[in-house]
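Breakdown of the fold
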Amino acid sequence: MNAYKNGFPLHGEYQLNWEIHRTILEEWLIYLIDHSTGEIHDMKSSPDLSITHSVSSKLTKNSSPIASNFKLKGSSRGDRSRFTLRITTEEIEANIPEQFYLSQNYPNPFNPSTTIEYGLNEAGPVSLIVYDIIGRKIQTRINENREPGRYQTYFNARTLASGVYFYRLQANNNVFIKKMTLIK
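What this report covers is the structure whose coordinates are included nearby. (Residues numbered from 1 in each chain as written. Predicted model: local features only at pLDDT ≥ 70, side-chain atom pairs only at ≥ 80, totals over all residues. Heavy atoms only, no water.)

**Structural notes on the overall build of the protein chain**
Summing up its helical and strand segments, the protein chain has 0 helices and 16 strands in all. A burial count over the protein chain gives 30% of its 184 residues as buried. For the protein chain, contacts bridging at least 24 residues in sequence account for 62% of all contacts bridging at least 6. Total accessible area on the protein chain stands at roughly 11,900 Å², and carbon and sulfur atoms take up 48% of it. (Helix = DSSP H or I, 4+ residues; strand = E, 2+ residues; numbered from the N terminus. Buried < 20%, exposed > 50% of the residue type's maximum accessible area, 1.4 Å probe, protein only. Contact = heavy atoms within 4.5 Å. Areas by Shrake-Rupley, 256 points an atom, 1.4 Å probe, with all protein chains shown as cover.)

Put into structure tokens, the structure is as follows:
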């Protein structure tokens with residue numbers, strides 16, 4: 001989260017306030033997830049939140065934001081936003097597994113497509129790669145940062161020959177490998 005006023009970065013403690021409109025369905029649960037602190041805030045039960053915000057930034061060349069050659073260099077903790085707004089009908093904790101896992105694909109054997117499910121108990125980089133029986137990379141299904149939660153991806157093998165394939169999931173320091181069989 002980068003915040004600026006009149007071209008200068010904002011630092012300090014701030015109060016976020018909101019109003020939940022009465023047309024929001026009662027069964028909806030609305031959470032604000034703060035990735036900086038790891039806190040999950042229930043927005044329906046509490047209409048405000050205090051946060052402390054700081055940025056690392058430098059003014060270059062000219063210190064006046066109205067000057068034509070004004071530049072502000074800032075740094076953040078990567079390309080991830082500080083907050084995520086999650087609207088769901090289930091408790092958010094129920095969607096975050098207690099531990100990292102990779103399920104067996106289904107159906108298995110399959111023709112031509114199958115579903116692969118996995119769960120992450122913490123945020124971080126995730127890769128899911130499919131290999132053939134001799135270890136050649138067939139397809140990268142996922143290669144990105146993911147939030148904690150349960151996920152599924154679909155693998156379509158219509159252009160591949162029948163046989164045994166492996167899928168490898170790596171997240172943080174965890175690695176799982178499972179076998180799947182394509183029968184045409």
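Once the structure has been displayed, the description carries forward.
**Some words on the side chain of His41**
Along the chain, His41 turns up in strand S5 (residues 40–42). Those residues in contact with His41, other than ones at most four positions away along the chain, are Trp18, Ile30, Tyr31, Leu32, Ser46, Asp48 and Leu49.

**Thoughts on unusual backbone geometry**
For the peptide bond that leads from Asn108 to Pro109, omega is 5 degrees, which places it in the cis range. When you line up the elements, Pro109 lands in the loop between strand S10 (101–102) and strand S11 (113–120). Look at the link from Asn111 to Pro112: it is a cis peptide, with omega at -15 degrees. Here Pro112 is to be found in the loop between S10 and S11. Notably, Asn172 is not glycine yet its phi reads approximately 55 degrees, a positive angle. Along the chain, the position of Asn172 falls in the loop between strand S15 (163–171) and strand S16 (174–182). On the basis of relative accessible area, Asn172 is assigned to the partly exposed category, the value being 28%.

**Points about the sheet that holds strand S14 (residues 149–156)**
Spatial strand order, S10-S11-S14: 3 strands in an open sheet with antiparallel pairing. Each edge of the sheet is formed by a strand with only one pairing partner; in this case those strands are S10 and S14. When S10 meets S11, the two strands line up antiparallel, connected through 2 bridges. Among the inter-strand pairings, Leu102 is bridged to a residue of S11, identified as Tyr118. (Pairing = 2+ DSSP bridges.)

**What about the environment of Ile87?**
Relative to the helices and strands, Ile87 is located in strand S9 (residues 83–88). On the accessibility criterion, Ile87 (49% relative accessible area) is partly exposed. Separated by 59 residues in the primary sequence, Ile87 and Trp28 have C-alpha atoms spaced 6.7 Å apart. Excluding residues within four positions of it along the chain, Ile87 makes contact with Trp28, Leu29 and Ile30.

**Considering the nonpolar core**
Generally speaking, soluble globular proteins have nonpolar side chains that are buried together. If you look at the biggest cluster of nonpolar residues, it comprises 19 residues, and the most contacted ones within it are Tyr118, Val126, Phe155, Tyr167, Leu169 and Met180. Elements with a contribution of two residues or more to this core: S11, strand S12 (124–132), S15 and S16. Here the element with the most residues in this core is S15; it accounts for 4 residues. Contact partners of Met180, with chain neighbours within four places excluded, come to Gln104, Asn105, Asn108, Phe110, Thr114, Val130, Phe155, Gly163, Val164, Tyr165 and Tyr167. (Core = buried A, V, L, I, M, F, W, Y, C linked by side-chain atoms within 4.5 Å.)

**Overview of a nonpolar patch on the surface**
Judged by side-chain polarity, Leu25, Trp28, Leu85 and Ile87 come together as a nonpolar surface patch covering roughly 370 Å² of accessible area. Its place among the elements puts Leu85 in strand S9. (Patch = residues over 30% accessible without salt bridge, like charges linked within 9 Å, V, L, I, M, F, W, Y side chains within 5 Å. Salt bridge = Lys/Arg side-chain N within 4 Å of Asp/Glu carboxyl O.)

**Section: the pattern of salt bridges**
In a structure, side chains of opposite charge can pair up when their charged atoms sit close to one another. The full count for this structure, using the stated rule, is 2 salt bridges. Measuring nitrogen to oxygen at the nearest pair gives 2.7 Å for the salt bridge that ties Glu144 to Arg146. Of the residues examined, Glu144 reaches a relative accessible area of 40% and is grouped as partly exposed. Among the residues examined, Arg146 registers a relative accessible area of 18% and is labelled buried.

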